[in-house]
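Examination of the molecular architecture
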Amino acid sequence: MRLKLFKKYFFTTALIIIFSLTVMMMILSFVLNNYLSRTKYETLGKCSAEAADYITEMAGGEIKKEDLKKTLNVLSDVADVDIFLADNKGQVVLCSCTEWNEKGECYHSEQLIPEEELNTESEKSFKLKTLNIYRTPHYVVSKQVKNESGTVVGTVFSTAPLSSIRQLMTTVTKLYLLSAAIPLIIMFFALYAMTYRLTKPLKQMSEASKAMAKGDFSKRIPVTSDDEIGELAVSFNQMTNSLVQLEGMRKSFVANVSHELKTPMTTIGGFIDGILDGTIEPEKQSYYLQIVSDEVRRLSRLVQSMLSMAKLESGEFVLKPELFDFRELLCTIVVSQEQRIEAAKLNITGLDEIQSVSVNADKDLIHQVIYNLVDNAVKFTNETGTIDFKVKTDSKKLTFTITNTGKGIPESELPYVFERFYKVDKSRSANKNSTGLGLYIVKTIVKAHGGSITAASRENQFTAFSVVLPLNN
């Protein structure tokens, strides 16, 4: 069974923390053990040296044996070690332990110390040993005792059990674990909360994605931070909003296209049937055939728009640049709309002020751009309104602006006018043969030429479209 991201992140981080604390504990134990062992050996060495000096002085007659015994007892109690003197045969002859003080003998004197442990050099005596006395290894430091002539007369041994260090290490370990337990628990709770906080938005995105795959676009990801996860949640919500808008436009487009196809086909079928069965009188057939012809052209425009959109989206079209006069192309398109302009009593301004300018671009595609913009302007200009044309040029680009009076576009709708299938006002455009594809096609063509298009509007005043085209493609 695969672990989820939350479990992977939590357990991986927890294992790293535990491993780090374990390594720290091992390093601390190693360093502390070395330090305590070295300190213990130094203490034993000082005790052995001090005892050896006292015994040497006693041999010279300066110190009494009873005083030496008391001195060994004091050193033993203060340093928490055993101190005893062995002769050259390995027999313990004096000890600082309580049993010796009471009986004159002790477990140290029950066995002879091995000969190899006697007469050892001081700097080589720091070893763990049993001396045939102890059952377990002890820290042992020995110091030779010499008389005035330099002859070795005995050896002083200072010993301490290994358990003394181990008990201290155990105490330190318990303190370390106890001191680490509270912050460790707090750390695990914090880690759990942080991991949950990091993975919760991802889980929500996964659930939202599954819902979106089923057509439910209602889920949004709460933005609870301004870090990368928060930015991801914001981007996901923006993507969802775009998909909702796109889905709405798609449904609207399908509905519009279905209506646009159904209405003219019903009209065409009804009139043709009426002519064939004689319902429509012969003298009126020409009138109804003209209506049929208009509906066929309407269908043709719709199909052509959809084909153009399909080619643009698939990247099938290829630019075929040629040098042409932009002013001439613009005037030709405006003249082609003369009947519609006169019927609506529209005023055309600025056209006579435009100078000839040569543009190197795909003439057919630029024709489609200008035609769509002029067609939209004629459609949505109020009766007796004005359509104004402006063309500005510099050494690198041409800026073409077409402005028409009329109802205008709401400010909230402006960012979407170039989207596919988008229709600003369904009720206003329903009788205008609009499919919501024209401006999308215009924007795609302009971008393919390396240019840009923008829209500006003020409700009940004007609408303006500005196209920027490079002079040389």
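Counting starts from 1 at the beginning of each chain's written sequence and moves along it residue by residue. The predicted nature of this model means local features are confined to residues of pLDDT at least 70 and side-chain atom pairs, given and counted, to a pLDDT of 80 or more, with totals for whole chains, interfaces and linings taken over all residues. Side-chain descriptors were evaluated using all non-hydrogen atoms of the structure, hydrogens and water having been removed beforehand.

Considerations on the nonpolar core
The condition is simple: To form a nonpolar core, buried Ala, Val, Leu, Ile, Met, Phe, Trp, Tyr and Cys residues must be joined to one another through side-chain atoms within 4.5 Å. Using a 1.4 Å probe on the protein chains alone, a residue whose accessible area is under 20% of its type maximum counts as buried, one over 50% counts as exposed, and one in between counts as partly exposed. Helix and strand labels come from DSSP, where a helix needs a run of H or I of at least four residues and a strand needs a run of E of at least two; each type is numbered from the N terminus. Throughout, a contact is declared for two residues whenever any of their heavy atoms are within 4.5 Å.
Ranked by internal contacts, the top residues of the largest apolar core, which has 43 residues, are F326, L373, F389, F400 and I402. Those elements giving two or more residues to this core turn out to be α7 (326-336), β8 (358-362), α9 (363-380), β9 (386-393), β10 (397-405), α11 (438-448) and β12 (462-470). For this core, the leading source of residues is α9, giving eight residues. If sequence neighbours within four positions are ignored, F400 has contacts with F326, L330, L373, F389, K390, V391, F465, S466 and V467.

Examining the side chain of Q337
Checked against the element boundaries, Q337 lands in the loop between α7 and α8 (338-343). Ignoring any residue separated from it by four or fewer positions in sequence, one finds Q337 in contact with Y371, V374 and D375.

Some thoughts on empty space enclosed by the protein
In this approach a probe as big as a water molecule rolls over the atoms, and the regions it shows empty are the leftover space. This is how the line gets drawn: In this analysis, the protein atoms alone were mapped onto a 1 Å grid. Cavities are point sets where a 1.4 Å probe fits without being able to get out; pockets are open sets with protein on both sides within 12 Å along at least five of seven lines; lining residues have an atom within 4 Å of a point. Grid points are joined across faces, edges and corners, and a volume is the space filled by probe spheres set on the points. Lys, Arg, Asp and Glu make up the charged group, whereas Ala, Val, Leu, Ile, Met, Phe, Trp, Tyr, Cys and Pro make up the nonpolar group; the residues left over, Gly among them, are polar.
Under the counting rule described, the total for this entry stands at one cavity of 30 Å³ or more. Considered as a void within the structure, the largest cavity measures approximately 40 Å³ in volume. Elements with a contribution of two residues or more to the lining of the largest cavity: α9 and β12. Examining the composition of the lining of the largest cavity, we find that four residues originate from one element, α9, more than from any other. A class-by-class count of the residues in the lining of the largest cavity yields eight nonpolar, no polar and no charged.

Focus: helix α4 (residues 162-213)
What counts, and what does not: A helix is expected to reach a length of 1.5 Å times the quantity of its residues less one. The term bend refers to the angle at a residue between two fitted axes, each drawn through seven residues, those ending there and those starting there.
Counted at 1.5 Å a residue, the expected span for α4 with its 52 residues is 76 Å, and the 71 Å between its end C-alpha atoms agrees. Its maximal kink placed at A181, α4 deviates by approximately 35°, while the proline P183 follows within four residues. G215, located one to two residues past α4, shows a positive phi value of around 95°.

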